[in-house]
Amino acid sequence: MQATWGTVRIDLDATPHVLIGGTDGAGLEGAVRGFIAALRREHPPQELRLLLADPHGHQFGRLGDTVVASTPYLVGRLNEVLLGELARRTRDPLARRPRLLVALWTLAGDTGLAPALARIARDGAALGVHLLVSDNRYVPIPIDPYLTLRASMRSISERQSRDLVGVPDAYRLGLVGEALLRAGDGPPVWLRPERADEPIPVEAAGTPPLWTPPPGAPPIPDAGSEGRRRVRLGVVDRPFEHRRDPSSATWPKASPSSAARSRARRPRCATW
């Protein structure tokens, strides 16, 4: 899977997982969006799905399925969604599934995502799943050796530059939007990456989302069959299976006399 990003041609078959870093004000956000837009321009949703996660929900604009991973619960739920997707691809490796790019903003070091990221880093290339890690305060993480396509905008220090691309030179980049790019063990090359400061919707209409928000308030109780009452208690969230199931309970309907006794025992201070 290839695409043109600014002045270079990138190849996710050769370097399946990507790291883009740099300091604030160096054009990092626009460069990350430009990278995603470059892939989408050459690969429609039938070929490439996008799952974009950040703590606030606006870092990637509307470039794909957006995950607002703002709490430990939501991070853990994202971990389950990713593990479930990997399990489905492993069970049926011959199924024609589009590739999946999982883009993370400042989340790659979260321990709640560690199981899924370790699995993607190790097996994702064979399953058609790619990682894009972006961070303005990047420090090496356990999956760092698997991030073989690495770009750095102007860095905050020589040390951060070395962490990103293996040389201190990104610290001396001058203009906003300049970067150093390193593929595998090759030498870093100068790059002016494509930017996408004004993102546009790029997912096809009607495409089933990979991520749906957690269930909200439970549904209203409904009536059951004759002689029994069935009440929908809520929704069971199953992120690993990418689905939700209704939760309900059924019991015999109360007779008028038992209902009257129940009302008589009801404490006046309770809310029903």
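Just so we're clear, the structure is a prediction, and the values are computed from it rather than from any experiment.

Caption draft 1: The arrangement of the overall build of the protein chain in detail. The number of helices and strands found in the protein chain is 5 helices and 12 strands. The buried share of the protein chain, taken over its 272 residues, is 44%. Pairs at least 24 apart in sequence give 63% of the contacts found in the protein chain among residues at least 6 apart.

Caption draft 2: Structural detail: the confidence of the model for the protein chain. On average, residues of the protein chain score 78 in pLDDT, and 71% of them reach the 70 mark or higher. Across residues 217-225, where pLDDT falls below 50, the model places 15 contacts with residues more than four positions away in sequence or in other chains. For the stretch residues 262-272, pLDDT sits under 50, and the model shows 2 contacts to residues farther than four places along the chain or on other chains.

Caption draft 3: Structural context of the sheet that holds strand β7 (residues 129-135). Ordered by their spatial adjacency, 8 strands build an open sheet running β5-β4-β6-β7-β3-β8-β9-β10, and the pairing between neighbours is mixed. With partners counted over all chains shown, the strands left at the sheet margins are β5 (65-68) and β10 (189-191), one partner each. Taking the axes of each pair of neighbouring strands and ignoring which way they run, one obtains an average angle of 20° across the sheet. In this sheet, β5 lies alongside strand β4 (residues 48-54) in parallel orientation, the contact comprising 4 bridges. Considered in β5, the bridge of A53 is made with V67. Against the sheet, helix α2 (residues 72-91) engages β4, β5, β6 (99-105) and β7, with an angle of about 160° to β6.

Caption draft 4: Examining the pairing of strand β8 (residues 149-152) more closely. On β8, burial covers both faces: L149 and A151 on one face and R150 and S152 on the other are all buried. Both strand β3 (residues 18-21) and β8 contribute to a ladder of 4 bridges, which runs parallel. Note on β8: the bridge partner recorded for G21 is S152. Where β8 lies against strand β9 (residues 179-183), 4 bridges are found, and the strand directions are antiparallel. Bridge assignment links R150 to a residue of β9, and that residue is R182.

Caption draft 5: The arrangement of helix α1 (residues 28-42) in detail. Here α1 is 15 residues long and its end C-alpha atoms lie 22 Å apart, about the 21 Å a rise of 1.5 Å per residue gives. Among the 15 residues in α1, 12 count as buried, and that is most of the element. Here α1 has its buried residues at L28, G30, A31, V32, R33, G34, F35, I36, A37, A38, L39 and R40.

Caption draft 6: Looking closely at the nonpolar core. Within the largest apolar cluster, 37 residues are counted, with the highest numbers of intra-cluster contacts made by L51, L78, L82, V102, L104 and L113. Secondary structure elements with two or more residues in this core: β4, α2, β6, α3 (114-127), β7 and α4 (158-165). Broken down by element, this core gets its largest block of residues, 6 residues, from α2. Setting aside its immediate chain neighbours within four residues, L104 contacts A53, F60, L113, L117, L131, L132, V133 and S134.

Caption draft 7: How the structure looks around α4. Q160, S161, L164 and V165 are the residues of α4 that are buried. Each buried residue of α4 lies within a common arc of 105° when the element is viewed along its axis, so the set occupies one face. Here the buried face of α4 lies against β3, β8 and β9. Once α4 ends, the next one or two residues include G166, with phi positive near 85°.

Caption draft 8: Expanded view of the side chain of D54. Within the secondary structure layout, D54 lies in strand β4. One buried charged residue, D54, forms no salt bridge at all, with the nearest opposite charge on R33 at 7.9 Å. Reaching out from D54, the side chain makes a polar contact with the backbone nitrogen of H56 at a distance of 2.7 Å. Non-local contacts of D54, meaning those with residues more than four positions away in its chain, are made with Q59, F60, V67, V68, A69, W105 and L107.

Caption draft 9: The arrangement of the environment of A53 in detail. You can see A53 is positioned in strand β4. On the basis of relative accessible area, A53 is assigned to the buried category, the value being 1%.

Caption draft 10: Quick peek at the pattern of salt bridges. Counted under the stated rule, the structure contains 9 salt bridges. Residues D13 and R99 are paired through a salt bridge, measuring 2.8 Å at the closest nitrogen-oxygen approach. Taken together, the residues D13 in the loop between β2 (8-11) and β3 and R99 in strand β6 connect sequence positions 86 residues apart. Salt-bridge contacts for D123 lead to R122; the nearest nitrogen and oxygen are separated by 3.3 Å. Classification of D123 as partly exposed rests on a relative accessible area of 24%. Through salt bridges with shared partners, a single ionic network connects E85, R88 and R89.

Definitions and limits used
The residue numbers shown here count from 1 along each chain, following its written sequence. Where totals are concerned, whole chains, interfaces and linings use all residues; where local detail is concerned, this predicted model gives features only for residues with pLDDT of at least 70, and gives and counts side-chain atom pairs only at 80 or more. In computing side-chain properties, one takes all heavy atoms of the structure into account and sets aside hydrogens as well as water. Helix and strand definitions follow DSSP, with helices as H or I runs of at least four residues and strands as E runs of at least two, each counted in order from the N terminus. Burial classification: accessible surface area is computed with a 1.4 Å probe over protein chains only, and a residue below 20% of its type maximum counts as buried, one above 50% as exposed, and the rest as partly exposed. Note on contacts: a residue pair is in contact if any heavy atoms of the two residues lie within 4.5 Å. Per residue, pLDDT captures the predictor's confidence, and it can take any value from 0 to 100. At least two DSSP bridges between two strands are needed for those strands to be called paired. The axes are straight lines fitted to the C-alpha atoms, using for helices just the contacting stretch, and the angles between their N-to-C directions are given from 0 to 180°. Under the convention used throughout, the expected extent of a helix is 1.5 Å for every residue step, that is, one less than its residue count. To form a nonpolar core, buried Ala, Val, Leu, Ile, Met, Phe, Trp, Tyr and Cys residues must be joined to one another through side-chain atoms within 4.5 Å. Throughout, the arc means the angular range of directions from the helix axis out to the C-beta atoms. By the counting rule applied here, Lys and Arg register as positive and Asp and Glu as negative, while His and the ends of each chain are not counted. Salt bridge, as applied in this entry: a Lys or Arg side-chain nitrogen positioned within 4 Å of an Asp or Glu carboxyl oxygen. Pairing of N or O atoms within 3.5 Å defines a polar contact, subject to two protein rules: one partner must be a possible hydrogen donor and the other a possible acceptor, and residues neighboring in sequence count only if both atoms are side-chain atoms.

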